[in-house]
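Spelled out from the first residue to the last, the chains are:
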Amino acid sequence: MQNERTIQFWDEYHKENESIEWISQPSEEVLIILQDYCFDASAQLKELRNLSMLEIGCGTSSLARDFWQHLVKTEENKTFRMVGTDVSSECIKSNIERDRELLSSDEASTTRTCLHYRTLDVINPSEGDTFCCEIILDKGCLDTFLFRSRNRGANKSSYNPIIQSLLDNVWKWLSDDGVYMFISPRSKLKAVRDYSGFQSIQRLALPTVSNGNLVGKTKSSGYVYVCRKNPAYVIGTTPAFAGRDKDTLPSDATTCPNCNVDFLDFRKGELIGGRGAAFWTRQWKGHCQHCKGQIRARTEISDISPFEEDKDKHRSS
Ligand SMILES: C[S@@+](CC[C@H](N)C(=O)[O-])C[C@H]1O[C@@H](n2cnc3c(N)ncnc32)[C@H](O)[C@@H]1O
Ligand SMILES: [Zn+2]
């Protein structure tokens, strides 16, 4: 759960910085990329007539509104429900004020085309239990946790428990065919790549012209990551990060985030005892790190070197 001091920090920040766009402006070009990418990543989404969407950590960005309006305009005979969310009530207030004329008063509606804003803490495991969304957007929200945990030196691990809380919530709020699309200035994201709750991850570099106010003053225009949900993942049962711990044997149902094979099938049903837990744990970790999964048209995150996190390259430039 987000602590009071951090919420206050963001409240103050949003009071002083209205209409700020982090990383990338939601230009028409970016909106088209997001639209193409999410429907390409999940063919089932394209067939749906009613789609629910959520943006996490929306700040005072107009992305939720602009993407929603873009879809309403370009995807005929479909309804789109969009909820822009943030832990800070200050930015939610100013977005409601800004988009007053577009907002729907009927918050319970799930089938009508509508836009809402509300507060939501992405790292609180008991929040948002009623959400079931086809698309979750994130521009700089996940990123802000990576940035803060590293700066404070609190937890140097790429698998910070806060990141796991965020990803587990995203997993919980996604429908089985759903996609999590986030925009980040980082070209490599080890925690996301290794997260077992996603079955595939694709990455695309954004066009340079879409630069906004950049996280950490990076000059890179950022990347869009599109993650498809792995419905076989079970929160609290499946190890959240494949190959995370040298000595922990995965459960039989743990799946490779790239090719989806489970640990039992990977061993072809062989009992652990014969060659031992250390052998199988090592084999599995190696498979998950190097597996290219099925061949896909776009850059797979599994192509990214497993040994190289995106060092603060973009921040120091
Ligand atoms: C880097 S800003 C990005 C804002 C916006 N998406 C944009 O692109 O301009 C990160 C946002 O995450 C929000 N945030 C921080 N902690 C959060 C939490 N626990 N749950 C939801 N949002 C959070 C902050 O209030 C802030 O608006
Ligand atoms: Zn695999």
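Residues numbered from 1 in each chain as written. Chains lettered and ligands numbered in written order. Predicted model: local features only at pLDDT ≥ 70, side-chain atom pairs only at ≥ 80, totals over all residues. Heavy atoms only, no water.

Within the UniProt record for the protein, the comment given under Sequence similarities (unreviewed entry) is "Belongs to the methyltransferase superfamily." (UniProt positions renumbered as here; feature names shortened; annotations may be inferred.)

### Re the overall build of the protein
From N to C terminus, the protein includes 12 helices and seven strands. Out of the 317 residues in the protein, the part that is buried amounts to 54%. Considering only contacts within the protein whose residues lie at least 6 apart along the sequence, 78% involve residues at least 24 apart. On the protein, roughly 14600 Å² of surface is accessible, and the fraction owed to carbon and sulfur atoms is 50%. (Helix = DSSP H or I, 4+ residues; strand = E, 2+ residues; numbered from the N terminus. Buried < 20%, exposed > 50% of the residue type's maximum accessible area, 1.4 Å probe, protein only. Contact = heavy atoms within 4.5 Å. Areas by Shrake-Rupley, 256 points an atom, 1.4 Å probe, with all protein chains shown as cover.)

### Describing the sheet that holds strand E5 (residues 174-184)
Within a beta sheet, neighbouring strands are joined by backbone hydrogen bonds and run either parallel or antiparallel to one another. Spatially, the seven strands line up as an open sheet ordered E3-E2-E1-E4-E5-E7-E6, and their pairing is mixed. This sheet does not close on itself; its edge strands, each paired only once, are strand E3 (114-119) and strand E6 (198-205). When the angles between neighbouring strand axes are averaged without regard to direction, this sheet yields 15°. As paired elements, strand E1 (residues 50-56) and strand E4 (residues 133-139) share four bridges and run parallel to each other. (Pairing = 2+ DSSP bridges. Axes fitted to C-alpha atoms, helices over the stretch in contact; angles between N-to-C directions.)

### As for unusual backbone geometry
The phi angle at Ile23 is positive, at roughly 65°, despite the residue not being glycine. Tracing the sequence through the fold places Ile23 in the loop between helix H1 (4-16) and helix H2 (28-41). Look at Asn77: it is not a glycine, yet its phi comes out positive at around 60°. Within the secondary structure, Asn77 is located in the loop between helix H4 (63-74) and strand E2 (79-86).

### Re the nonpolar core
With 35 residues, the main nonpolar core has Leu54, Ile56, Ile136, Leu166, Tyr180 and Phe198 as its most contacted residues. Sort the elements by how many residues they give to this core and helix H7 (residues 161-173) lands first, with six residues. Setting aside residues up to four positions removed in sequence, Leu54 forms contacts with Met82, Val83, Thr85, Leu120, Phe131, Cys133, Ile135, Ile136, Leu137 and Trp173. One finds Ile23, Phe39, Leu45 and Leu63 within the second-largest nonpolar core, a separate group that totals 32 residues. (Core = buried A, V, L, I, M, F, W, Y, C linked by side-chain atoms within 4.5 Å.)

### A few points about the pattern of salt bridges
Tallying each qualifying case throughout the model produces 15 salt bridges. A salt bridge links Asp99 to Arg65, with the nearest nitrogen and oxygen atoms 2.8 Å apart. Residue Asp99 is found in the loop between helix H5 (89-98) and E3, and its partner Arg65 is found in helix H4; the two are separated by 34 residues along the sequence. Notably, a salt bridge pairs Glu127 with Arg118, separated by 3.8 Å at the nearest N-O pair. Each of Arg65, Asp66, Arg98 and Asp99 takes part in one network of salt bridges that share partners. (Salt bridge = Lys/Arg side-chain N within 4 Å of Asp/Glu carboxyl O.)

### What to know about the packing of H2 against H4
At a closest axis distance of 10 Å, the pairing of H2 and H4 adopts a crossing angle of 70°. The pairing of H2 with H4 is recorded here as roughly perpendicular in orientation. Taken as a pair, H2 and H4 cross one another with a handedness that is right-handed. For the pair H2 and H4, the contacting residues are Glu28, Leu31, Ile32, Leu34, Gln35 and Phe39 in the first and Leu63, Asp66, Phe67, His70, Leu71, Lys73 and Thr74 in the second. For the contact of H2 with H4, the per-class residue count stands at seven nonpolar, three polar and three charged. (Parallel < 35°, antiparallel > 145°, perpendicular 65-115°, else oblique. Left-handed = near helix turned anticlockwise from the far one by under 90°. Nonpolar A, V, L, I, M, F, W, Y, C, P; charged D, E, K, R; others polar.)

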